[in-house]
Structures are given as C-alpha cells and as structure tokens.
Amino acid sequence: MCAAQVSSESASSAALRRVRLFVRGAGEGVGGVGAGAGVSSGSLSCEGVWLLKRCPAARDAVLEYFARVFHEAVDAHRRDPQNENGPNNPSMESVSIITNALCELEAPWAQILAPWSINLLKDIASSHKTCSAPVLQNCEAVRCLLNVVTVCLSRLEGNDRVNCIDSMLSTSQCEWVVGYIGRCDPSLVVPRALELALQKQSAQNIDHVVTILAHLSPLHFGQIRQALLDMFEDSLKIESGDNERRKAIVPYLMQLASKSDVVLKALTKDINIASSTEMLDKLLNVCTMSIPGFDSGSTRSAIVALCLRAQAPVFLLLLNWAPKNVTCSELLENLLQRMEGDLRSSEGKIPLLDSVASDIANIRRKLLNGSILEKYAIARVTILISCQSSCIFINTVSYLLQNSQDDKTLAILVRIISGTLSMRATLDVGEQADNSLTIVRQAHENALREAMNAQSYSEIFQEVDEKSSNRETCLERYCCNTATLLRWEKLNKIVYLQNKPITKVSEMNLLKLSCAFFEQVSDVSYSCFGNSLENANRLNSMSICHSMAAMIDLIEIPSSQNIPISVEILMKITRANVKYFFRCLHEKDIIKQFKGSQTAYRIFRRTCAGSKVARSVALREILETALFREAEIFGSIPKEGLDNNANFEKSRDELLLFQNHKQGPLTQLTQSHTSVFHAGIIGKGARKPIKEEAKEVQLKNSNVATLSKSSREVELLLGALMSCMEDNGVSLEAMTSVSLLLVELVSPDVMYNGLPWPDEDFTKVSIERELYIRQVFDGYPLVWHIIRLISCFRPALCYCSVLLRAVVATLIHQYSAKSGSDDENLNEITIQLLDIMCRGQLLPTPLNYISKMIPHLKSIEIVLILRDCVWNYTRDIVPSPELFSCDASGLHWRDPSLSKPPPQYTDTLRVLIQKKIANLGHLYPLMFLNTDSP
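What follows covers the overall build of the protein. Counting its regular elements, the protein contains 47 helices and six strands. Across the 934 residues of the protein, 48% fall into the buried class. Relative to all contacts within the protein whose residues are 6 or more apart in sequence, the contacts with residues 24 or more apart total 74%. Counting only carbon and sulfur atoms, one obtains 52% of the accessible surface of the protein, whose full area is about 44800 Å².

Turning our eyes to something else, we now look at the packing of helix H36 (residues 711-725) against helix H39 (residues 782-791). Angle between the axes and distance between the axes are the two parameters that describe a pair of packed helices. Interaxial distance between H36 and H39 falls to 11 Å at its minimum, and their mutual angle equals 40°. It follows from the interaxial angle that H36 and H39 lie oblique. When the axes of H36 and H39 are compared, the crossing they make is right-handed. Facing Val714, Leu717, Leu718, Leu721 and Met722 of H36, the residues of H39 in contact are Leu782, His785, Ile786 and Leu789. Looking at the contact of H36 with H39 residue by residue, the classes come out as eight nonpolar, one polar and no charged.

Okay, the packing of helix H37 (residues 732-746) against H39 next. Their axes nearest at 10 Å, the elements H37 and H39 cross at an angle of 150°. Judged by the angle between their axes, H37 and H39 are roughly antiparallel. Where H37 crosses over H39, the handedness of that crossing is left-handed. Counted together, Met735, Val738, Ser739 and Leu742 of H37 and Val783, Ile786, Ile787, Leu789 and Ile790 of H39 form the full contact between these two elements. Broken down by class, the residue content of the contact of H37 with H39 amounts to eight nonpolar, one polar and no charged.

Before going further, it helps to spend a moment on a nonpolar patch on the surface. Nonpolar side chains collect at one region of the surface, where Val750, Met751, Tyr752 and Val765 lie side by side and expose about 430 Å² of accessible area between them. Tracing the backbone shows Val750 in the loop between H37 and helix H38 (763-779). Accessibility expressed as a relative area gives 73% for Val750, which makes it exposed.

Take the pattern of salt bridges next. Tallying each qualifying case throughout the model produces 22 salt bridges. A salt bridge links Glu744 to Arg620; the nearest nitrogen and oxygen atoms lie 3.0 Å apart. Taken together, the positions of Glu744 in helix H37 and Arg620 in helix H33 (residues 612-629) put the pair 124 residues apart, joining distant regions of the chain. By relative accessible area, which is 46% here, Glu744 ends up partly exposed. Using a relative accessible area of 28% as the deciding quantity, one classes Arg620 as partly exposed. As a salt-bridge pair, Asp876 and Arg875 come within 3.1 Å of each other at their nearest N and O atoms. Under the relative-accessibility criterion, Arg875 is labelled partly exposed at 28%. By sharing partners, the salt bridges in this structure join Arg575, Arg620, Glu621, Glu624, Arg629 and Glu744 into a single network.

It is worth spelling out the packing of aromatic side chains at this point. When we look at a pair of aromatic rings, we describe it by the centre distance and by the angle of the planes. Enumeration over the complete set of coordinates arrives at ten aromatic pairs. A centroid spacing of 6.1 Å and a plane angle of 55° characterise the contact between Tyr65 and Phe66, whose relative ring orientation is tilted. Both residues of the pair, Tyr65 and Phe66, count as buried. When the ring of Phe582 is compared with that of Phe634, the centres are 6.4 Å apart and the planes differ by 90°; the resulting orientation is edge-to-face. Of this pair, Phe582 sits in helix H31 (residues 567-585) while Phe634 sits in the loop between H33 and helix H34 (656-661); the two residues are 52 residues apart in sequence, bridging distant segments of the chain. Both residues of the pair, Phe582 and Phe634, belong to the buried class.

For helix H24 (residues 390-403), built from 14 residues, the straight-helix expectation of 20 Å at 1.5 Å per residue is met to within 8% by its first-to-last C-alpha distance of 20 Å. For H24, a buried count of eleven out of 14 residues is recorded, marking the element as mostly surrounded by other parts of the structure. Of the residues making up H24, those classed as buried are Ile392, Phe393, Ile394, Thr396, Val397, Ser398, Tyr399, Leu400, Leu401, Gln402 and Asn403.

Moving on: the nonpolar core. In terms of nonpolar packing, the biggest core is built from 212 residues, with Leu194, Met339, Tyr478, Phe581, Phe582, Leu742 and Met853 touching the most fellow members. For this core, the element with the most residues is H31, which contributes eleven residues. Among all residues touching Met853, those that are not within four sequence positions of it are Ile865, Leu909, Leu912, Ile913, Leu920, Leu923 and Met927. Of all hydrophobic cores here, the second largest spans 54 residues; its members include Val74, Met92, Val149 and Leu153.

With 20 residues, helix H32 (residues 590-609) extends 28 Å between its outermost C-alpha atoms, agreeing within 8% with the 28 Å of an ideal straight helix rising 1.5 Å per residue. Looking only at H32, the buried set comprises Gln593, Gly596, Ser597, Thr599, Ala600, Tyr601, Ile603, Phe604, Thr607 and Cys608. On its buried side, H32 packs onto helix H30 (542-554), H31, H33 and H36. Taking the backbone nitrogen of Ile591 as reference, a side-chain oxygen 3.0 Å away marks Asp589 as the first, capping residue of H32.

In this section: the state of the cysteines. Applying the stated rule across the entire model yields zero disulfides. The closest cysteine sulfur to the non-disulfide-bonded Cys608 is located on Cys724, 4.2 Å from its own sulfur. Cys800 takes part in no disulfide bond, and the closest cysteine sulfur, belonging to Cys798, lies 9.2 Å away.

The subject of this paragraph is the environment of Ile494. Positionally, Ile494 belongs in the loop between helix H27 (474-491) and helix H28 (501-508). What makes Ile494 partly exposed here is its relative accessible area of 27%. Sequence separation between Ile494 and Val414 is 80 residues; the distance between their C-alpha atoms is 9.6 Å.

Thresholds applied
- Residues numbered from 1 in each chain as written.
- Predicted model: local features only at pLDDT ≥ 70, side-chain atom pairs only at ≥ 80, totals over all residues.
- Heavy atoms only, no water.
- Helix = DSSP H or I, 4+ residues; strand = E, 2+ residues; numbered from the N terminus.
- Buried < 20%, exposed > 50% of the residue type's maximum accessible area, 1.4 Å probe, protein only.
- Contact = heavy atoms within 4.5 Å.
- Areas by Shrake-Rupley, 256 points an atom, 1.4 Å probe, with all protein chains shown as cover.
- Axes fitted to C-alpha atoms, helices over the stretch in contact; angles between N-to-C directions.
- Parallel < 35°, antiparallel > 145°, perpendicular 65-115°, else oblique.
- Left-handed = near helix turned anticlockwise from the far one by under 90°.
- Nonpolar A, V, L, I, M, F, W, Y, C, P; charged D, E, K, R; others polar.
- Patch = residues over 30% accessible without salt bridge, like charges linked within 9 Å, V, L, I, M, F, W, Y side chains within 5 Å.
- Salt bridge = Lys/Arg side-chain N within 4 Å of Asp/Glu carboxyl O.
- Phe/Tyr/Trp six-rings, centres within 6.5 Å; stacked < 30°, edge-to-face > 60°.
- Expected span 1.5 Å × (residues − 1).
- Core = buried A, V, L, I, M, F, W, Y, C linked by side-chain atoms within 4.5 Å.
- Polar contact = N/O pair within 3.5 Å; in protein donor to acceptor, adjacent residues only side chain to side chain.
- Disulfide = S-S within 2.5 Å.

Listed below in structure tokens is the structure:
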C-alpha cells in the first residue's frame, strides 16, 4: 500500500471519528459529556464547526445542534439571569465559539446562515412569548445571534437581502429583531416595512409596523421621516386610471399616524415649509373620502383626532388655509370645538395646546395683522391655554394693550378676557369670586410696567421709517386702548363688559397709573425756540401725556366700587394734572391745547370735589406755577426779587455795597462832606442810566396797563381754578381759599395782612412793602385777572384787602409825584382797581362811579378822590365779609339802602363834578339823584 493511500485512509478515519464523536456527544445533550468519549461542550462545538466547514452532508445536523445550543443558553438565562456565564449555563462557552466561527466564515456562507439565524430568532421568540423583548435582548446568547444575523445581512445583496428582511417583517414576534437589525441599514428596512404593511393593510400589520418604527425612531428618525414623505409624495402622483396602491397611501399613513406618535411627528415636522398649494388641494380631495379600517368614525373626526396630537405647525397650517378653503375652515372649527370639549371634560393634557402654548409669542402676532377668522381662532385657542396658564393670559392681554391698533383687535381682547374669566369659573381653576379679577389686574399692571420700561415703538410700527410722525409708542397705545375699553364700559352696550372689569382693575392700579402720569408729564421739557414742547427723549412726547390724561379722565373717581381712594393717590393725580395742564398751555395747536385743558378740568373736578386736601394742593400748585414758574405764557415780564426763592447770581463787584466801597475810606464816614455814593437798589447794583431805565419802566407799565396778549391762556387758567372749586357750584369757602393763597403768594410777609385799612399816613411805614406788592401787579398781569375772578364772590375779595390797599397807596404816591400831566397807563391801572372794588361792592353808590371820572381828572384831583373817598371810606368802613348778606339764591350782596356812605366821603366827588360839569355832568344824577345831600 502506497503512502498516499495510507494518508487518505487516515484522513477519512479521522473525519469518521469526528462525525461519530459529534453524533454521540450531541445525542447525549448539549451541556453534558459523551458517555464514552468524555467530550466537553466547547470541544463538541469546535467539532461541529469543523464538520460545518468540511462535511457538507453533516451541515443540517450541525446547524440543528447549534440551534439547540442557543435554545439551552436562553433557557439557562431565563432560569438564572444573574449567573448567565456561570457553571449553571455551560452552553455559553459553546455559544461564544459558534458565534466567532460563523462570523468568520466567508461571504457565500451568508446565503445559508442568514435564513437559519433569522428562523432561529423566530423560534426563540415563539418559545418565549411570555418574555418581553428587553429581557430577551439582555440575554448574551440572543445578542450573539443578532450579531450573526447582522454580519450575514451585511454580506448579502439584492433579492437575497430583501427576502431575509421580508422574512423578519412577516412575523410580529420579531419586531424587536427588525428594530435592532434595522439600525444597521434603516434606509432599506423602513421602506420595506412600510411597503409590506401597505400591501396587506390590517390592524395587525399596522400595529406591527408601528412597533418596528418605535424601535428605530430613537436613532433613525430622519430616515423614517424621509421614507414617509417619499411615500406621501408618491401618493400625490395619482392620475386618472392609476393603480389602487397610490390611492390607499394617504389613508394608510393616517392610520399609522393615528397609532404612532413617531409617524405623526415625522409627517407634521416643518409642515408649513413642506406643504404647497397643489399638495394641499390633492390632500383635501383624498380627505373627503372615507378611510377604510378606521374605527374612530368619519374621516374628519380622524383628522381632528390626529391634529390634537400634532404640534403647533399643524394648527398654523389650518389657520393659514382656513380663509381660502372651506374644508380647512370646517376642520379648524371642529378642532377648536374638540379641544374645548376635551378641556371641559378634563381628559388630560392636549398635545396641540401644549405646543401652541410654547410658541404663543409668535402665534399671537396674527392677532394684530391677521384676518378676522385667524384672529378669532387664535383668541379661542388663547382662552383655552389661559385656563391652564395664567402667565400666558397676562402676557397676551399685556401684548394686546400695548399693540392693538383698531377696535376690532380690542374686541378680540375683550373676548379673551371675558372668555377666560368665564371658563376658569366653569372649570373651577380660577380664584374665588371676590378675587376673580386678580389675573386681569396683573395683566393690566404688567402692560403698564412693560410700556413704561420699553423705550420702543409699538410693534406694528417697528418697520416704519424712523422719520415717520405717525408712529406711536407702546405706552401711548396702552393708554389709548385702555381709554377705549373704559368708554365701551361706560356705554354699557357690550355684554362682555357689563361687569366693568377694565374699570375695576384700573381703579385697583390707580396708584401706579398716577405715578406713571406724573413721571411722563415731568419728563416733558420746554424748547428754547418759540415756547414749543419738546423732550430730550423723542419717545416721551406730549401725545403720551394727552393719552394718559384721557385714560385717567375715564377712571371712576371716586371709585365705582365704593372703595375710598387714598390721599396719596389723590395727591399724585392732582400734582400730575397741574403739570399736565401747564404743558397743554404750551401746545401750539389750539385744538390740542383746548382739548387737553378740558381733560384737565374734568380731572380737577373729580379729585377736588371729594377732598379738601386735594383742592388745597391743586389751587396752591396752580397759583404758584402760574405766578412764578410759568408766568411768561400769561404775558408777564420776569423781575428779579419778586420770587422770594430766586437765586441771584450777581458777582461781588456788581453789588451796590461794593460799588460804594470802591469810592475809598471816606465813604464810610456818613458826616463827611466828601461822601459820594452810588445810587441804586441794594443787592442789585447801581442805578441804570436814565434813558435805559425810563425805557424799561415804560415797557413794563404798558405791559401791565394793557390786557395780556395771552388772553386765551389766562381764560384757560381761570377755568382750571374754577374747576378745582366746583362742587355743585363754586362755594364761597373755596374762593376764600383762593383769596388767602393769593395774599400769601404776593405779600412779602405776614405783617399788616389784616382786613383794616390804616390811616393814609401809615403808608410811610409800610411803603417798601406796598411797592413790592405793586411790583407783583406790574410784573404779573395775571394777578389782576385772578382778583377780578375773586371779586365775583364779594366776601372773598375782602381777604385781598392788603393787596388792594397796597395798590391804592402806591397810586396815591405816584399821582402825587406827577406834575399835572396825564399818565394814561397809570389811569388804566386805577380804573382796573376801582372796577374790581366796585364789582366786589367794597365801594357802594355813589363811590362805585369813580372809575368813570378818572379819565377826566388831573393827577392832584385823582389823589384827592383816592384819599378822601376810597382810602378814608375803607379805613372807616373796614371791608369785611360781615358786611354781606346771603339771599335765598346763595348770592352775597350789600343792601344799598344800608350802605350809603356819609357826606364826608362824597363831598369831594360832588365838588369835582360841579367843577367839570361839562364832562361829568351826566354822572351827577346817577350818583346823587334822589339823595338827601344838598
């Protein structure tokens, strides 16, 4: 026998021995030891691998043995999961050997091993039906087997690979296997899974695909979305006579979406960008058909159910297409009704509402510039969201108050407020009944705070040219919108506003509103050109002040809720209103000036009517501002020294004292014959040149004598004073307070401010004081107008005795210094004074006709009348409120029959009339007819 034959026989014998050893060992059990051979499990597996590679006839037996190894390894894991690799599970050694050997085989083996490993996974899953997929996936043997399947599939191509995947997809028990293996090639697994379920549409197949996609979604959502979109786009290619497969795609996708959040999210992600007019039209045509296999009812109900689980872009898509398409409009209405019904029935959270709430800042922009349908749809959604989130309600109301530009948008705001309050009460998620307006108050307060802090224009004007004059700030819009809502409530024609929520919350926030009003009017400054109003910050314009004043004018003061308004609030509003009134006087536009003044009048009436403190503050602020801080708008010429608080910035060398010190030491010796002093006014420097001084005096006298050119401003100011005193008519008490305030502001001190008039010689003592008062009259013509107003309330004029006395005293001295020539300006001042005293009945008949005689008398004659008739009469008959009696109509007057002056006060008049009978004869019967005087 040759060597080759011996070697062949020995190889055959060795192979036969291995086959017998494998068969004997496999027959005794996977984890046991051969009865006669003593072969271990690992060695037996190695023999099986050797036979698989070199003995094709034993291939099926070897693979069957390998399957038993995997089965027993899984069973051991089920019995003791903690000791999977321990002595109780000897088959794990064989599993490791088998897995490594199968993965190292060449590519042609994949056609055999791939179906075998897939079928083995199916058998394991079937035999362990009660075991969940995560438990099986945690088994080491199963993971090794999945690794074998993955390696084999990666080596397959074409139909072989597709057939293997279809084999896995055909069994519902291998869903987790498909999910695991599909991660290696999702671009193939996902489309095949969708296509197979489309071909055999059933509830079981749909659920099967949903489970597979759920396994793949964590890592491969993009591939899932692309596969779904490709299938959806393919469905839109339907033409006449086209196959039924494409017609079934959209219903099929809707069934998937109804059961899978992954599919729904994939189909609705960026839906506004992906959708087009053509696509939407085709989709709506498909949606008009019924969907087979749906258990939830009609197609429209199914679409609504899907939308409830979708995200905000779906709602925006319906919102955009609702005005253009009837079907979309109906779907939107059904969706809104369904959300409201689910919210009332408390069926849990609605995903669509949560998504819209997260993007509400962008969605609510359509409340400003959207169509009517869009606005009301967003308003209804906002109401539903506001029932769950007070923060969104507060922000939305605040946003609309700051940016609404028309009444339609404000009507939406009213709908949101009323709908939210009523629905929160229904759902029992709001506050108690007495605090039901808490969130509305917070929204109102938040809007004011944001408008004050946001130095920007209203959102709708943000893209307008910066040079445009029609833009409005958020604060101005807030005030205008609040004022409009308050007017609607006063009309009492809107059902939603019958409880007056805006009025109530405005009253609650009145302190903050008054502070904001005061801040705004204080920020307005004056330009040095033409007395026009400007502001360093262009956003704080006078128009904002007008808007805030109009809003506060509409708030109930006193409160409509019978809640007393604090003194602090009244003081804030009063002081702010005084500032606002004087800002209005600077307006160039007469209409704006008048409207603003009328608004200020109404605020004065309400704040002062119920509070004497507010009235006192208002009167003082108005008089002080008009006489000293804003005197120029009333035709006054500012004079140094009239304001006790004036800060004179005179250099040391300009003062009179130091001018005289320059003359040398001899000026300090008062008896020296060489003493020479500069003449002038102490504290103001040396006297001006004669021509310059005369010119200045003439200008001042002409300004005082003539009526102020700013007569409109004067009338408005007097109207403001009257508004502060109106409480069922102007009372004598109120006018008396004006009289006392005027004396306090004009008189330089409190001495000699009583009612009595002293002897005329006493003026030598108080002449400096009288001259100061006279300077106020000359420099501030407004004082004449105020005294004339006081004279209409005769007893109140008596408290101005000190002012009238000062003017009379200065006139007597001035006329006495005249050389006989007439002074027209001085005469006019005298006539004004006498007219005021006659109107106040301080001078009875015939003294009340003295003013008509002045133009025809000389200076010395006027001095006689002023001293003998006016001064002496008021000295003896002290002007006192007790001289006046009040009749049934409330009018205060002096009875002429009881107030007839004695002859010593009228003789001078009689003599002068007789002396100038040609010019004054017509006055004689008026003054002395039917008298007992000779």
